[in-house]
Amino acid sequence: TEGPAATVLDARGEGRCFIDGGVTTVRGFSLVNARASGYYGGGAYGGRLIGCVISNCMASAGGGAAQAVLENCVLVGNRAEAQGGGAYNCLVDRCTVVGNRAEATRSASSEFAGGGVDYLCDCTNSVIWGNVNAAGEVNTAGNPQNTKDI
């Protein structure tokens, strides 16, 4: 592809941009304006994304992505109804996760909600900042034990 600025998948608020069982690699796309209310992974569910931008997406968990491998990606301005505003249950490597929000309202849930990534994500060599949970707390990751080299 010519990169995320030139190759845009715009769901226009009518579903996900990308769904995969785990064998497909998507490289250099922008996934935008996806909505998966009641489901995981607004922008992407599954697969391997490399050098992608995921923005303005929403889902129950993993507003940007869920159950995916994310490498050199940018997740910005995504929202989850519960946890993982940027990513839920993903491998996050060399990514930037910024300006995402998790809306979990129960205190037990919001503790692990992770405005940027939820407690099930494993993160390496990534920048995760400026994300918030439902309480308005800057809450980058739901479980710091699973984040490394941030």
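Residues take numbers from 1 onward in each chain, read along the sequence in its written order. Confidence filtering applies because this is a predicted model: local features only for residues at pLDDT of at least 70, side-chain atom pairs given and counted only at 80 or more, and all residues used for totals across whole chains, interfaces and linings. The side-chain numbers reported here are obtained from all heavy atoms of the structure, hydrogens and water having been left aside.

1. Some thoughts on the sheet that holds strand 10 (residues 65–66)
Here is step 1 of the chain: Think of it this way: DSSP has to see at least two bridges between two strands before they count as a pair. Working definition: helices are DSSP H or I runs of at least four residues, strands are E runs of at least two. Numbering for both runs from the N terminus. Taking strand neighbours across the sheet as the criterion, the four strands line up as 2-6-10-14 in an open arrangement whose pairing is parallel. Two strands in the sheet have a free side with no partner beyond their single neighbour: strand 2 (18–19) and strand 14 (87–88).

2. As for unusual backbone geometry
Here is step 1 of the chain: Despite not being glycine, Asn33 has its phi angle at roughly 55 degrees, a positive value.
Here is step 2 of the chain: Take Asn33: it is sitting in the loop between strand 4 (30–32) and strand 5 (35–40).
Here is step 3 of the chain: A relative accessible area of 22% means that Asn33 is categorised as partly exposed.
Here is step 4 of the chain: A positive phi angle, close to 55 degrees, is found at Asn89, a residue other than glycine.
Here is step 5 of the chain: For Asn89, the location among the structural elements is in the loop between strand 14 and strand 15 (91–93). Under the scheme applied here, a residue whose accessible area is under 20% of the maximum for its type counts as buried, over 50% as exposed, and between as partly exposed, the area being computed with a 1.4 Å probe on protein chains only.

3. Brief notes about the state of the cysteines
Here is step 1 of the chain: For this text, the term disulfide refers to a pair of cysteine sulfurs within 2.5 Å. Taken as a whole and assessed by the stated rule, the structure comprises zero disulfides.
Here is step 2 of the chain: Unpaired in this structure, Cys52 has its nearest cysteine sulfur neighbour in Cys73, at a distance of 4.8 Å.
Here is step 3 of the chain: Using a relative accessible area of 1% as the deciding quantity, one classes Cys52 as buried.
Here is step 4 of the chain: The closest cysteine sulfur to the non-disulfide-bonded Cys73 is located on Cys95, 4.7 Å from its own sulfur.
Here is step 5 of the chain: Classification of Cys73 by relative accessible area gives buried; the value is 2%.

4. Some remarks on the pairing of strand 13 (residues 79–83)
Here is step 1 of the chain: In this structure, strand 9 (residues 58–61) lies alongside strand 13, joined through three bridges in parallel fashion. Looking at strand 13, one finds that Ala61 is bridged to Gln83.
Here is step 2 of the chain: Direction of pairing for strand 13 relative to strand 17 (residues 101–102): parallel, over a ladder of two bridges. Residue pairing for strand 17: Arg79 is matched across the bridge by Arg101.

Read these as layout, nothing more, since geometry by itself doesn't imply function.
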